[in-house]
Amino acid sequence: MRGIPGPGRLREAAGSPLAGRVAVVTGAARGVGAALARRLSDAGMLVALTGREEATLRRAAASLPGRSVCVETDVTDQDALARAAREIEETLGPASVVVANAGIATGGPFVHTPADLWQRVVDVNLTGSANTARAFLPHLMDTRGYFLQIASTAAFGSSPMMSAYCASKAGAESFALALRGEVEPDGVGVGIAYLHWTGTDMITGIDDHPVLKALRGNQPRFARKVHSTEEVSAWLTSGITRRARHVYAPPWLRWCQPLRPAFPALVSRLARRELRRQPPSRLAADTGVLGAGGRADFDAYQAATRPHPPEQRP
């Protein structure tokens, strides 16, 4: 846990409505989660970081200017999340802001994607978000707090070669919409953040997938821009401060909402054209987890579920 911030940062954060409150960010070891944790800490919040990579998580927590705690947690493990919620409350206090950010992705044809990998993406991105809400809703009920679900433009129109990610993000959006109707009467706000191309390790190899590369290449120039995690975390923090029902990163995405019915047909047309150009062996070769964070999660998951050899008796 970090110590008390210096007087300069205290003055800077004093005017923030977030100052002194507790925030929980899942998937905070790297990428958007780590950048958002720093931004919230800069705003004067006490930040709890959760994630799978303990060493990376600890480094992210140690870099924050304010008080923080990190808890290595798998969002698909409801019992572990319940323990994390208790530890965070005992250390920092009840959460006023909870950001369901943990997410992984896989690229490649559905038919070549191992069933356990496909299921893992859905478990982390969708079930993990529901588990996070379940663990921390008692906090948010007490503090009349705010739950932010990190979704994606993948919820606008599904992309071939990323069926698990698109299905899970559309499901996460739908979950958050349903949850909002249930908890808003109790004073709990629920927001949904739609992220577009963001400079995390998840998209580092996106151009290795010919269909995904073509889909991105056919977007308008402004829509192809990759935004830094610092930019995205600033937009998210602004939305959290306003308890926004929708957060768009980048902001121009709000104008895409009315056009959503047209996106599936447009994406399918572009994808069909590109799929005809690629031999099946080329598409199958690019199947796998995207990004270091996703690989770390899936490696840990496989290690935990792999059958252990029987004990040798003397």
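Refer to the structure printed above.
Colleague: I'd like to hear about the packing of helix H5 (residues 115–143) against helix H6 (residues 163–183), residue by residue, with values.
Modeller: Taken N-terminus to C-terminus, the directions of H5 and H6 make an angle of 20°; their axes are 8 Å apart at the nearest point. On the basis of their axis angle, the class for H5 and H6 is roughly parallel. For H5 against H6, the interelement crossing comes out right-handed. Contacts between H5 and H6 involve Trp118, Val121, Val122, Asn125, Leu126, Ser129, Ala130, Ala133, Leu137 and Met141 on the former and, on the latter, Ser163, Ala164, Tyr165, Ser168, Lys169, Gly171, Ala172, Phe175, Leu179 and Val183.

Colleague: Provide a residue-level description of the sheet that holds strand E6 (residues 146–152), including the pertinent values.
Modeller: Two modes of strand pairing occur in sheets, parallel and antiparallel, and in both the strands are linked by backbone hydrogen bonds. As summarised here, the arrangement of the seven strands in space is E3-E2-E1-E4-E6-E7-E8, forming an open sheet in which the pairing is parallel. Both edges of this open sheet fall to strand E3 (68–72) and strand E8 (246–249), since each of them pairs with a single strand only. For this sheet, the mean angle separating the axes of adjacent strands, direction not counted, is 15°. Bridging between strand E4 (residues 97–100) and E6 involves four bridges; their strand directions are parallel. Directly across from Val99, in E6, lies its bridge partner Leu148. Sheet contacts for H5: strand E1 (22–25), E4 and E6; angle to E6, the most-contacted strand, approximately 165°. Each of E6, strand E7 (189–195) and E8 touches H6; the most contacted strand, E7, lies at about 160° to it.

Colleague: Break down the pairing of E4 for me, with residues and values.
Modeller: What you see with E4 is no split at all: Val97 and Val99 on one side and Val98 and Ala100 on the other are buried throughout. Pairing geometry for E1 and E4, over three bridges, is parallel. When the bridges of E4 are listed, Val25 appears paired with Val99.

Colleague: Lay out a positive patch on the surface with the relevant residues and their values.
Modeller: Taken together, the side chains of Arg269, Arg272, Arg273 and Arg276 define a basic patch exposed on the protein surface. Counting through the fold element by element, Arg273 comes out in helix H10 (residues 263–277).

Colleague: Please give an account of helix H12 (residues 292–305) that cites residues and values.
Modeller: End to end, H12 covers 20 Å across 14 residues, agreeing with the expected 20 Å (1.5 Å per residue, within 8%). For H12, the full list of buried residues reads Gly293, Gly294, Asp297 and Phe298. Viewed end-on, H12 has its buried residues packed into an arc of 125°, placing them on one side of the element. The inward-facing, buried residues of H12 abut H5 and strand E9 (288–290).

Colleague: Could you give an account of H5, with specific residues and numbers?
Modeller: With 29 residues, H5 extends 40 Å between its outermost C-alpha atoms, agreeing within 8% with the 42 Å of an ideal straight helix rising 1.5 Å per residue. The largest bend along H5 reaches roughly 50° and is located at Phe136, with the proline Pro138 sitting one to four residues downstream. Residue Arg144 follows H5 closely and has a positive phi angle near 50°.

Colleague: Please provide a residue-by-residue account of unusual backbone geometry, values included.
Modeller: Residue Ala249 is joined to Pro250 through a cis peptide bond whose omega torsion reads 10°. Secondary-structure assignment places Pro250 in the loop between E8 and H10. Backbone geometry at Arg144 places phi at a positive 50°, although glycine is not the residue there. Within the secondary structure, Arg144 sits in the loop between H5 and E6. A positive phi is found at Met161, a non-glycine position, where the angle reads about 80°. Assignment of secondary structure puts Met161 in the loop between E6 and H6.

The rules behind the values
Residues numbered from 1 in each chain as written. Predicted model: local features only at pLDDT ≥ 70, side-chain atom pairs only at ≥ 80, totals over all residues. Heavy atoms only, no water. Axes fitted to C-alpha atoms, helices over the stretch in contact; angles between N-to-C directions. Helix = DSSP H or I, 4+ residues; strand = E, 2+ residues; numbered from the N terminus. Parallel < 35°, antiparallel > 145°, perpendicular 65-115°, else oblique. Left-handed = near helix turned anticlockwise from the far one by under 90°. Contact = heavy atoms within 4.5 Å. Pairing = 2+ DSSP bridges. Buried < 20%, exposed > 50% of the residue type's maximum accessible area, 1.4 Å probe, protein only. Patch = residues over 30% accessible without salt bridge, like charges linked within 9 Å, V, L, I, M, F, W, Y side chains within 5 Å. Areas by Shrake-Rupley, 256 points an atom, 1.4 Å probe, with all protein chains shown as cover. Salt bridge = Lys/Arg side-chain N within 4 Å of Asp/Glu carboxyl O. Lys, Arg positive; Asp, Glu negative; His and termini not counted. Charge placed at Lys NZ, Arg CZ, Asp CG, Glu CD. Expected span 1.5 Å × (residues − 1). Arc of directions from axis to C-beta. Bend = angle between axes of the 7 residues up to and from the residue.

It is worth stressing that arrangement in space is one thing and function is another; only the former is reported here.
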